[in-house]
Amino acid sequence: MSRKINFNAGPAALPLPALERARDELLDFAGSGMSVMEHSHRGREYEGVHDEAIALVRELLGVPSSYEVLLMQGGATALFAEVAMNFIERGKTAQYLITGAWGEKALGEGKIVSAMFGADVAVQSTGTGEGKEKSYTRVPPPSEVKVVPGAAYLHITSNETIHGVQFNVDGSRAFPDTGAVPLVADMSSDFLWRPFDVTKFGLVYAGAQKNIGPAGLVVVVVSKELAERGRKDIPKIFQFRTHAENKSLYNTPPTFGVYMVRNVLACLKAQGGLAKVEEANRKKAARLYSVIDRNAAFYRSPVEKESRSVMNVVFRLPAEALEEQFIADAKKRGMVGLKGHRSVGGIRASIYNAASYEWVDTLAAFMEEFARGK
Ligand SMILES: *Cc1c(COP(=O)(O)O)cnc(C)c1O
């Protein structure tokens, strides 16, 4: 068996030890004579896994007791709607800061729910151009963000997976300061690769398939007070409070997905925690961006330097035909997943936690060689 050098944007590569552990335990989980998928979600064996997954999120991020960690379903896309359904109120404003395509999708659901509940929507966007020419190349510095006083929430996408722009925890492109307005972040492609201060946020959510597990499962970190304030006149399954009150066991959770997240988070802990994981990720991103900058006549990053993503490195070559050749040649060397999203084209290397420095170094060396040969 030879495993690919996998730069997929999501579902993305998973750490080999997490997969090997799943393989070894597949037919006989913890000596129980069945797989974890075949266990009752109310049984002792599964509950151990469930509790450990939640405890590992709490431990890795340092989540305080005033916050809940929830395991939900339907992908980050379900959360676009559920955030709006829980927190939008008549006469209030739902605020969206749009820095790329995922923010636009969240806004779309927010508009539908706002119309249902008689609320307003306020939008601030860094996008320029229209239609096919639309582009996003930056996140705003905190001073540019105009928070609507009394807004139900301000929603951001902390890392735009398609456009490769990312907020930082501090510095010139830090997360916006929203005062009393709850800050809500879609962290799908930005979760558990670095430490951040949870208490800056009312709620963060992350689809698992970018950085921490398989698709379908969403990890939510929400302030208890905010979850409790949410609407009570929406179906129970969509209320954050329901999942908080039932330890994310209100209905049958995606048990195998939770098990895989547990395996992945155990790997992050073994690596020494998120500060160590961040160090490794920054080294990988620096390697790629330095090749781009040193070969500026050939490679071009469309993203402003301060906003460059550590997770999704996007770049262009001088012509689309060259980009196609680049992708084909890379594939011959075992590198897959480098094609940019169909809406923006170009090249995208997604280098989440599970992408090793060796993989990234192989890509960087190939980039140097490819530029020299042209
Ligand atoms: C992938 C992604 C989503 C969509 O996730 P689904 O699981 O397909 O719903 C949402 N937001 C961001 C930032 C993403 O990267």
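Residues numbered from 1 in each chain as written. Predicted model: local features only at pLDDT ≥ 70, side-chain atom pairs only at ≥ 80, totals over all residues. Heavy atoms only, no water.

Looking at the overall build of the protein chain
As a reminder, the rule being used: Where helices and strands are cited, they refer to DSSP runs of H or I of at least four residues and of E of at least two residues respectively, numbered from the N terminus. For the radius of gyration, the atom set is restricted to C-alpha positions; the globular benchmark scales as 2.2 Å times the number of residues to the power 0.38. For each residue, the accessible area found with a 1.4 Å probe, counting protein chains only, is set against the maximum for its type, and the residue is called buried under 20%, exposed over 50%, and partly exposed in between. The contact rule is simple, with two residues in contact once any of their heavy atoms fall within 4.5 Å. Shrake-Rupley sampling with a 1.4 Å probe provides the accessible areas, and residues are treated as covered by the protein chains on show and by no other component.
Looking only at helices and strands, one finds ten helices and 13 strands in the protein chain. The globule rule puts the C-alpha radius of gyration for 374 residues at 21 Å, and the 21 Å found for the protein chain is close to it. Counting only C-alpha atoms, the protein chain reaches 60 × 55 × 30 Å along its principal axes. Counting every position in the protein chain, which comprises 374 residues, the buried fraction comes to 56%. Contacts in the protein chain between residues far apart in sequence, at least 24 positions, make up 72% of those at least 6 positions apart. Here the protein chain has roughly 15800 Å² of accessible surface; of this, 52% comes from carbon and sulfur atoms.

So, the pattern of salt bridges
Test applied: Any Lys or Arg side-chain nitrogen located within 4 Å of an Asp or Glu carboxyl oxygen qualifies as a salt bridge.
For the structure on display, the rule yields 27 salt bridges. With a shortest N-O distance of 2.7 Å, Arg333 and Glu369 are connected by a salt bridge. Residue Arg333 is found in the loop between helix H9 (320-332) and strand S12 (335-336), and its partner Glu369 is found in helix H10 (residues 357-372); the two are separated by 36 residues along the sequence. One continuous salt-bridge network, built from bridges that share partners, spans Arg21, Glu25, Glu52 and Arg262.

Some thoughts on the site of the ligand
Which entries qualify depends on this criterion: Each residue is tested against the molecule or strand, and it is near if at least one of its non-hydrogen atoms lies within 4 Å. Polar contacts, as used here, are pairs of N or O atoms within 3.5 Å; protein pairs need one atom able to donate a hydrogen and one able to accept it. Residues neighboring in sequence count only if both atoms are side-chain atoms. Each residue is assigned to one class: nonpolar for Ala, Val, Leu, Ile, Met, Phe, Trp, Tyr, Cys and Pro, charged for Asp, Glu, Lys and Arg, and polar for all the others, Gly among them.
Residues in contact with the ligand amount to 13 residues; listed here are only the nearest, Thr77, Thr161, Asp186, Gln209 and Lys210. Lys210 is positioned with one of its side-chain polar atoms (N or O) 2.5 Å from an oxygen atom of the ligand. Sort the elements by how many residues they give to the shell around the ligand and helix H3 (residues 75-87) lands first, with four residues. Taken together, the residues of the shell around the ligand break down into three nonpolar, eight polar and two charged.

So, the nonpolar core
In summary, soluble globular proteins display a tendency toward joint burial of nonpolar side chains. Rule in force here: By convention a nonpolar core is built from buried Ala, Val, Leu, Ile, Met, Phe, Trp, Tyr and Cys residues, the set being connected through side-chain atoms within 4.5 Å. Domain boundaries shown here were taken from an automatic or database domain assignment.
Counting residues in each nonpolar core, the largest one holds 55 residues, and the members touching the most others are Leu61, Met187, Phe191, Val221 and Leu265. Both domains that meet at this core, namely domain 1 (21-270) and domain 2 (273-372), each give it at least three residues. The contacts of Val221, once residues within four sequence positions are left out, are Val57, Val63, Tyr67, Glu68, Val69, Phe191, Val198, Gly202, Leu203 and Val204. Counting residues in each nonpolar core, the second largest holds 37 residues, with Phe298, Val313, Ala355 and Trp359 among its members.

Quick word on the packing of helix H8 (residues 274-294) against H10
Two measures define how a pair of helices packs: the angle their axes make with one another and the distance between the axes. Basically, it comes down to this: An axis is simply a line fitted to the C-alpha atoms; with a helix, the fit covers only the stretch in contact. Between two such axes, the angle follows the N-to-C directions and lies from 0 to 180 degrees. The cut-offs work like this: below 35 degrees is roughly parallel, past 145 is roughly antiparallel, 65 to 115 is roughly perpendicular, and the gaps in between are oblique.
Remark: H8 packs on H10, axes separated minimally by 9 Å, with the N-to-C direction vectors making an angle of 5°. What the angle tells us is that H8 and H10 run roughly parallel. Where H8 abuts H10, its residues Lys283, Lys284, Arg287, Leu288, Val291, Ile292 and Arg294 lie against Tyr357, Val360, Asp361, Leu363, Ala364, Ala365, Met367 and Glu368. A per-class count over the contact of H8 with H10 returns nine nonpolar, no polar and six charged.

Quick notes on the domain arrangement of the protein chain
Here is the rule: Summed over both partners, the accessible area (1.4 Å probe) lost when two parts come together is defined as the buried area.
According to the domain assignment, the protein chain contains domain 1 (21-270) and domain 2 (273-372). For domain 1 versus domain 2, the distance between C-alpha centres works out to 26 Å. Taken together, the contact pairs 24 residues of domain 1 with 24 residues of domain 2. Of the roughly 2100 Å² buried at the junction of domain 1 and domain 2 (both faces included), carbon and sulfur atoms supply 54%. Inspection of the domain 1/domain 2 interface yields two salt bridges.

Considerations on H8
This is how it is decided: A helix's residues, less one, multiplied by 1.5 Å, set its expected span.
Over its 21 residues, H8 extends 30 Å from the first C-alpha to the last, a length consistent with the 30 Å expected when each residue adds 1.5 Å. Those residues of H8 that sit buried are Leu274, Val277, Glu278, Asn281, Lys284, Ala285, Arg287, Leu288, Tyr289, Val291 and Ile292. Where H8 is buried, its residues meet helix H2 (44-61), helix H7 (255-270), strand S11 (312-315), strand S13 (347-350) and H10.

Comments concerning the side chain of Asn6
As for its placement among the helices and strands, Asn6 is situated in strand S1 (residues 5-6). Within the structure, Asn6 has its side chain in polar contact with the backbone nitrogen of Asn8 (distance 2.8 Å). Beyond its immediate sequence surroundings of up to four residues, Asn6 is in contact with Ala12, Ala13, Val336, Ser350 and Trp359.

A few points about the packing of aromatic side chains
To keep things clear, this is the line we draw: Any pair of Phe, Tyr and Trp rings, taking the six-membered ring for Trp, is counted once the centres come within 6.5 Å. Such a pair is stacked with planes under 30 degrees apart, edge-to-face with planes over 60 apart, and tilted for the rest. Charge over a ring is defined by NZ of Lys or CZ of Arg lying within 6 Å of the ring centre and within 35 degrees of the ring normal.
Counted under the stated rule, the structure contains 17 aromatic pairs. The interplanar angle of 85° and the centroid separation of 4.9 Å between the aromatic rings of Phe298 and Tyr299 together place this pair among those described as edge-to-face. Through successive ring pairs, a cluster of aromatic residues spans Phe298, Tyr299, Phe315, Phe326, Phe366 and Phe370. Positioned over the ring face of Trp102 is Lys105, at 5.0 Å from the centre of the ring.

Overview of the environment of Arg231
With respect to the helices, strands and loops of the structure, Arg231 is situated in the loop between helix H5 (224-229) and helix H6 (240-245). Sequence spacing of Arg231 and Ala84 is 147 residues, and the spatial spacing of their C-alpha atoms is 9.9 Å. With sequence-adjacent residues up to four places away left out, Arg231 is seen in contact with Met85, Asn86, Ile88, Glu89, Phe117, Gln239 and Arg241. Polar side-chain contacts of Arg231 include one of 2.8 Å to the backbone oxygen of Ile88.

Re unusual backbone geometry
The amide bond that connects Gly10 to the next residue, Pro11, takes the cis arrangement and shows omega of -5°. For Pro11, the position within the fold is in the loop between S1 and helix H1 (16-25). The phi dihedral of Ser248 falls on the positive side, at around 60°, and the residue is not glycine.

Digging into the packing of H9 against H10
Just so we agree on the cut-off: What makes a crossing left-handed is the near helix being turned counterclockwise from the far one by less than a right angle; a clockwise turn instead makes it right-handed.
In the contact formed by H9 and H10, the axes pass within 11 Å of each other and the chain directions differ by 135°. One way to sum up the angle between H9 and H10 is to call them oblique. Two packed elements cross with a definite hand, and for H9 against H10 that hand is right-handed. Residues Leu322, Gln325, Phe326, Asp329 and Ala330 of H9 pack against Leu363, Phe366, Met367 and Phe370 of H10. For the contact of H9 with H10, the class distribution of residues is seven nonpolar, one polar and one charged.

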